[in-house]
Amino acid sequence: MSSFKPTPEQTRAINDRDRDILVSASAGSGKTAVLVDRVVKLLKENRHLNIDEMLLVTFTKEAAKNMRERIRKRLVTDSNDQHMKAQINRLALANISTIHSFCEQVIKRYYYVIGLDPQYRLVTDATEQALLKEQVWNDLQEKRFKEDYAKADPSEWHFSQLAENFADAKSNVGEGLQEVVEKLYQEANAQPDPDQWLSQTVRNYQFGDEPIIQTAFYQQTLLPILQQFFDQLVADWNELATEASTSGFDNLAETLAGDLILVKDLQKSLTTATWDELQAQISGIKFSRLKTQRFKDDPDGKAQYDELKVGRNELKKRLKTLQDKYFQYDEQQLRAKTAAARVMVEELVSVTKEFRQAYQEVKLARHMLDFSDLEHYAYQILTNQSDAGKQVLNELR
């Protein structure tokens, strides 16, 4: 029998069924043990389920090896059960690997679904990748500058303007832009459809005639960020108020309770106020002044009180960062600045798409794939709606 004794939260992760489960825990907290218990329990519950029909993904090859061994030991302890005994023989075929190892298995087996050349070399050397990207960027930059200078009107030299905008005073023109394009490329590559994500970035700067708070940008992008911000802010403020109340700091508790009312009113305004009203509320919020509380022969109490005061000031500063980050401008000013920025963003996205395409073509010409390619090509195979793609899904199920 396993000596692992799960906590109530771990027990839920082991036993919950028919839903997605997200477990967030630090290193060494027992995630692997929980997953092993869950796997073994699933096999016991379903006599038609086999270990080689599961996909277990780890971060490293060593972790995958360790997990396979842990499962084997658990299966051996239940070897009197014929179904569990059969799983020992199937374990060698089980998909227990890193995400990239699994993706590579899919590509090597089903490359034909997306017309990919099966003869490739996996590039893992960072220096080799950096040199190749440098070559691609230099060619792209030279091409873009030539296209600009071929235009008679300098106002149409969009790439040159973009390069100047991101110029680093300590380096050559274009080097600052190269770093920005590289970061945007990396962020896009982390999405299922990089080009679609890049195009959406441009659409975030297209407000149209509707009020800002009714735009897709506010509703789908900014509002979730603001709601999460206020949820955490309210929780932290409430925690301070509770501690002040239970510690007998009545004046501080009363002040913090008043703060909470103001902050919660702001949170409600996220979905009810206009942009200008919201901006005015956030920039004009006034917190009441804290009444002085004296401590006589109670240094510990004063230290705790001072700590809570510092906590309150930190929360007020956190709210101020919201104004600095998102609410510096009223709606008219924001529209004007967004329209000016949109031209720059459109060019930046265009350059990033071209860089991504050129880099991809160079890799394919040299029969090279990197880890990001493994993810995207496997995803393309698994989401392909052709007859061959559907057959792949049936086989993997």
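Residues numbered from 1 in each chain as written. Predicted model: local features only at pLDDT ≥ 70, side-chain atom pairs only at ≥ 80, totals over all residues. Heavy atoms only, no water.

Caption draft 1: Local environment of a nonpolar patch on the surface. On the surface, a cluster of nonpolar side chains totalling about 220 Å² of accessible area is made up of Leu55, Val57 and Ile99. By secondary structure assignment, the location of Leu55 is in strand β1 (residues 55–58). For Leu55, a relative accessible area of 43% puts it in the partly exposed group. (Patch = residues over 30% accessible without salt bridge, like charges linked within 9 Å, V, L, I, M, F, W, Y side chains within 5 Å. Areas by Shrake-Rupley, 256 points an atom, 1.4 Å probe, with all protein chains shown as cover. Salt bridge = Lys/Arg side-chain N within 4 Å of Asp/Glu carboxyl O. Helix = DSSP H or I, 4+ residues; strand = E, 2+ residues; numbered from the N terminus. Buried < 20%, exposed > 50% of the residue type's maximum accessible area, 1.4 Å probe, protein only.)

Caption draft 2: Seen up close, empty space enclosed by the protein. A complete count under the given rule lists 1 cavity of 30 Å³ or more for this structure. In this model, the largest cavity occupies a volume close to 40 Å³. Every residue along the wall of the largest cavity is listed here: Leu116, Asp117, Gln119, Tyr120, Leu364, His367, Met368 and Leu369. Considering only residue class, the lining of the largest cavity consists of 5 nonpolar, 2 polar and 1 charged. (1 Å grid on protein atoms, 1.4 Å probe; cavity = no way out; pocket = protein on both sides within 12 Å on 5 of 7 lines; lining within 4 Å. Points joined across faces, edges and corners; volume = space filled by probe spheres on them. Nonpolar A, V, L, I, M, F, W, Y, C, P; charged D, E, K, R; others polar.)

Caption draft 3: Inspection of the side chain of Ser269 at higher detail. Checked against the element boundaries, Ser269 lands in helix α11 (residues 250–269). Residues in contact with Ser269, not counting those within four places in the same chain, are Leu278 and Gln281. (Contact = heavy atoms within 4.5 Å.)

Caption draft 4: The arrangement of unusual backbone geometry in detail. Notably, Asp18 is not glycine yet its phi reads approximately 60°, a positive angle. Looking at the secondary structure, you find Asp18 in the loop between α1 (8–15) and α2 (31–45). Backbone geometry places His367, a non-glycine residue, at a positive phi of 55°. Its location among the elements puts His367 in the loop between α14 (331–365) and β4 (368–369). Take His367: its relative accessible area is 39%, and that puts it in the partly exposed class.

Caption draft 5: Examining the layout of surface pockets more closely. In this model, the largest pocket occupies a volume close to 790 Å³. Taken together, 23 residues form the lining of the largest pocket, with Lys31, Leu35, Val57, Thr58 and Met67 sitting closest to its centre. Of all the secondary-structure elements, those providing two or more residues to the lining of the largest pocket are α2, β1, α3 (61–77) and α5 (99–110). Looking at which element gives the most residues to the lining of the largest pocket, the answer is α2, with 7 residues. For the lining of the largest pocket, the class distribution of residues is 15 nonpolar, 6 polar and 2 charged. Taken together, 22 residues make up the lining of the second largest pocket; nearest its centre are Thr201, Asn204, Tyr205, Phe217 and Thr221. It is α14 that contributes the most residues to the lining of the second largest pocket, 6 residues altogether.

Caption draft 6: Main features of helix α9 (residues 194–203). Within α9 the residues assigned to the buried category are Pro194, Leu198, Ser199, Thr201 and Val202. Each buried residue of α9 sits inside an arc of 145° when the element is viewed along its axis, so together they form one side. (Arc of directions from axis to C-beta.)

Caption draft 7: Molecular detail of the packing of α9 against α14. Interaxial distance between α9 and α14 falls to 9 Å at its minimum, and their mutual angle equals 170°. Our classification of the angle between α9 and α14 gives roughly antiparallel. Between α9 and α14, the residues in contact are Pro194, Asp195, Leu198, Ser199, Thr201 and Val202 and Val345, Glu346, Val349, Thr352, Lys353 and Arg356, respectively. Looking at side-chain class alone, the contact of α9 with α14 contains 5 nonpolar, 3 polar and 4 charged residues. (Axes fitted to C-alpha atoms, helices over the stretch in contact; angles between N-to-C directions. Parallel < 35°, antiparallel > 145°, perpendicular 65-115°, else oblique.)

Caption draft 8: Structural detail: helix α7 (residues 158–165). Phe159, Ser160, Leu162 and Ala163 are the residues of α7 that are buried. Along α7, the residues classed as buried sweep out an arc of 160° about the axis, all on the same side.

Caption draft 9: Examining the pattern of salt bridges more closely. Counted by the stated rule, this structure contains 25 salt bridges. The shortest N-O distance in the salt bridge between Arg109 and Glu395 comes to 3.7 Å. Taken together, the residues span a long stretch of sequence, with Arg109 in helix α5 and Glu395 in helix α16 (residues 387–396) at a distance of 286 residues. Under the relative-accessibility criterion, Arg109 is labelled exposed at 52%. A relative accessible area of 40% means that Glu395 is categorised as partly exposed. Between Arg312 and Asp259 there is a salt bridge; the shortest N-O distance is 2.6 Å. In this pair, Arg312 sits in helix α13 (residues 299–326) while Asp259 sits in helix α11, placing the two residues 53 residues apart along the sequence. Judged by its relative accessible area of 4%, Arg312 is buried.

Caption draft 10: Focus on the packing of α2 against helix α4 (residues 82–90). Packing of α2 against α4 leaves a shortest axis separation of 9 Å and a crossing angle of 130°. With respect to α4, the axis of α2 lies oblique. Regarding α2 and α4, the two cross each other, and that crossing is right-handed. For the pair α2 and α4, the contacting residues are Val40, Leu43 and Lys44 in the first and His83, Met84 and Gln87 in the second. Considered class by class, the residues forming the contact of α2 with α4 number 3 nonpolar, 2 polar and 1 charged. (Left-handed = near helix turned anticlockwise from the far one by under 90°.)

Caption draft 11: Up close: the packing of aromatic side chains. Taken as a whole and assessed by the stated rule, the structure comprises 16 aromatic pairs. On the basis of an interplanar angle of 25° and a centroid distance of 5.5 Å, the ring pair of Trp237 and Phe287 is categorised as stacked. On the criterion of sequence distance, the pair formed by Trp237 in helix α10 (residues 216–246) and Phe287 in the loop between α12 (275–284) and α13 is long-range, its members being 50 residues apart. For the pair Trp237 and Phe287, one class covers both residues: buried. Residues Phe249 and Tyr305 carry aromatic rings whose centres are separated by 5.3 Å and whose planes lie at 85° to one another, so their mutual orientation is edge-to-face. Remark: Tyr305 occurs in helix α13 and Phe249 occurs in the loop between α10 and α11; sequence separation between them is 56 residues. (Phe/Tyr/Trp six-rings, centres within 6.5 Å; stacked < 30°, edge-to-face > 60°.)

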